[in-house]
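Structural overview for review
Residue-level listing of the chains:
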Amino acid sequence: NPVVAELVRAKASKAAGTLGGVLSALVGLPHSYNLDLQELNGLLWQTLSDAEKSVGVVTGMVAGMKFNLQRTMSFLYTGPVCSTDLAEWLSVARGVPYRRAYLAVGASFSHLREPAKMAAVLTDELATPVSEDQVREMLNPEASLRRRPTPGGPNPVALSSYISREEQILEKEKAAILGYLEKFEEVHRLVIQDALKAAGGSQMSAGGGE
């Protein structure tokens, strides 16, 4: 159900808008602390609350996701997913103007499941030899991914490298957060300890006075 992802996306947009408001308030400050900053407290806590809730619902969404791989793969291999790959190849490898190549590929779509007929149509339309194997290669989604090792893209190698880097960053952030929590717990322990000592001293003083 895309509703969860859509709502979380809206929360992200809301956070971006809040950031803009915060920066606008900060840029007008003449120096140090000003009362303008009081207006930012509510925005900060609301944004943190939205972020925490969003992580929770996205976690549940991802954990419950199921994919129909058979239907997905069927569409990838029988649909026009990689049609632009074929048009780009015709433009680069055969020197056909891209617009003309794109229109020719579109004209051959009626034979999308018959690469040999597609190749024949393209050969006639563009007056340049196009083979069945070349059409199959350009329309193959796996080959399309291999041809595009762009950082941040869906290429398996690039994606694996990206995930590895993100996992390393995540581990560093986890370690930093745990360090902050340890310091917080230590400070909290010392405050409670001092408070108990102060309370004990007050009781002793009150008892001596009686």
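Everything below is about the structure shown above.
A few points on the structure. Not measured: the values here are computed from a predicted model. (Residues numbered from 1 in each chain as written. Predicted model: local features only at pLDDT ≥ 70, side-chain atom pairs only at ≥ 80, totals over all residues. Heavy atoms only, no water.)

Within the largest apolar cluster, 18 residues are counted, with the highest numbers of intra-cluster contacts made by Leu-86, Leu-90, Leu-122, Val-130, Val-135 and Leu-139. Contact partners of Leu-122, with chain neighbours within four places excluded, come to Leu-86, Leu-90, Ala-104, Val-105, Ser-108, Ala-127, Thr-128, Val-130 and Val-135. (Core = buried A, V, L, I, M, F, W, Y, C linked by side-chain atoms within 4.5 Å. Buried < 20%, exposed > 50% of the residue type's maximum accessible area, 1.4 Å probe, protein only. Contact = heavy atoms within 4.5 Å.)

What follows is about unusual backbone geometry. Not every positive phi belongs to a glycine, and Ala-127 is a case in point at roughly 55°. Residue classification places Ala-127 among the exposed residues on the basis of a relative accessible area of 71%.

Right, let's get into the pattern of salt bridges. Side chains that carry opposite charge are capable of pairing whenever their charged atoms lie near each other. What the rule picks out here adds up to nine salt bridges. In this structure, Asp-50 and Lys-11 form a salt bridge, with 3.8 Å as the shortest nitrogen-oxygen distance. Pair noted here: Asp-50 is in helix H2 (residues 38–63) and Lys-11 is in helix H1 (residues 3–27), with a separation of 39 residues, a long-range link. With relative accessibility at 9%, the residue Asp-50 sits in the buried group. (Salt bridge = Lys/Arg side-chain N within 4 Å of Asp/Glu carboxyl O. Helix = DSSP H or I, 4+ residues; strand = E, 2+ residues; numbered from the N terminus.)

This is a description of form; function is not addressed.
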